[in-house]
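Summary of structural features
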Amino acid sequence: TESSPVYDNAVYIIEDIDFDIVENDKFDEMHLSTAAEIMFNTGKHEASLNLYRKIPDIDMTGRAWSVRGRCEVYAGFLNSALKSFSAALESGDKSLNVREITGMIHMIRGENEKALQLYDDAIVRGENVESVTSAKASLLFDMGRKEELLIFRREAERLLGRGSDVDGYAGLITMEED
């Protein structure tokens, strides 16, 4: 396969990884973003985050915000990750699990209503429906919202058929009632 100049320069940044070369304006935001995403995909989360931080916010794309948010999650910077994921959604990012990950962060922070809202939005948009329905069912169960979970079970059956994780949580409710 042929590589592009952007990809070649991104690989050069990664291989040399002397961040002084980034400081000298030799590379534009597209090169830095590509290099940062490659680093993220190869498990170099901290180096990826350092490159993303060199890109001015105004030049970040939705996808770049999304990957930056993932880097911040790996680094444990949940507040920053929420800001990055919010920027990704505002930029029109189409990544399948931005809403799901954002919902999970809100859940960790105890902001359950925000999490449920994001899960509902992801389901309506058809984003990772199986995974998101499971996350929503788990949260409803943990919150003790049994009636809502039983109603949600019907929606999940319509979307996924029988046998989803939602059935398992709903089954636990009926077992508790016996």
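What you are looking at is a predicted structure, and each value in this text was computed from that prediction instead of being measured. (Residues numbered from 1 in each chain as written. Predicted model: local features only at pLDDT ≥ 70, side-chain atom pairs only at ≥ 80, totals over all residues. Heavy atoms only, no water.)

**Observations concerning the packing of aromatic side chains**
The geometry of an aromatic ring pair is captured by two quantities: the separation of the ring centres and the angle between the planes. Considering all chains together, one arrives at one aromatic pair under this definition. Summarising the aromatic geometry, the rings of Phe40 and Tyr74 are spaced 5.8 Å apart at their centres and angled 65° between planes, so their arrangement reads as edge-to-face. Placement of Phe40 in helix 3 (residues 29-41) and of Tyr74 in helix 5 (residues 62-75) is noted, with a sequence separation of 34 residues between them. Judged by its relative accessible area of 12%, Phe40 falls in the buried class. In this structure, Lys136 is placed above the aromatic ring of Phe152, and the distance from its NZ or CZ to the ring centre is 4.3 Å. (Phe/Tyr/Trp six-rings, centres within 6.5 Å; stacked < 30°, edge-to-face > 60°. Helix = DSSP H or I, 4+ residues; strand = E, 2+ residues; numbered from the N terminus. Buried < 20%, exposed > 50% of the residue type's maximum accessible area, 1.4 Å probe, protein only. Lys NZ or Arg CZ within 6 Å of the ring centre and 35° of its normal.)

**Side note on the nonpolar core**
Counting 17 residues, the largest nonpolar core has Leu51, Tyr52, Ile55, Met60, Trp65 and Cys71 as its most contacted members. Every element with two or more residues in this core is listed here: helix 3, helix 4 (45-52), helix 5 and helix 6 (78-90). Sorting elements by how many residues they give to this core places helix 3 first, with five residues. The contacts of Ile55, once residues within four sequence positions are left out, are Glu29, Leu32, Ser33 and Met60. Of all hydrophobic cores here, the second largest spans 14 residues; its members include Ile123, Ala137, Leu139 and Val166. (Core = buried A, V, L, I, M, F, W, Y, C linked by side-chain atoms within 4.5 Å. Contact = heavy atoms within 4.5 Å.)

**Points about the confidence of the model for the chain**
Looking at the chain, the pLDDT average stands at 81 and 81% of residues meet or exceed 70. Helix 2 (residues 20-23) is the least confidently modelled element of the chain, averaging 47 in pLDDT, while helix 8 (residues 112-125) averages 94, the highest of any element. Below a pLDDT of 50 lies the segment residues 18-24, which in the model reaches 14 contacts outside its immediate sequence neighbourhood of four places, other chains included. (pLDDT = per-residue confidence, 0-100.)

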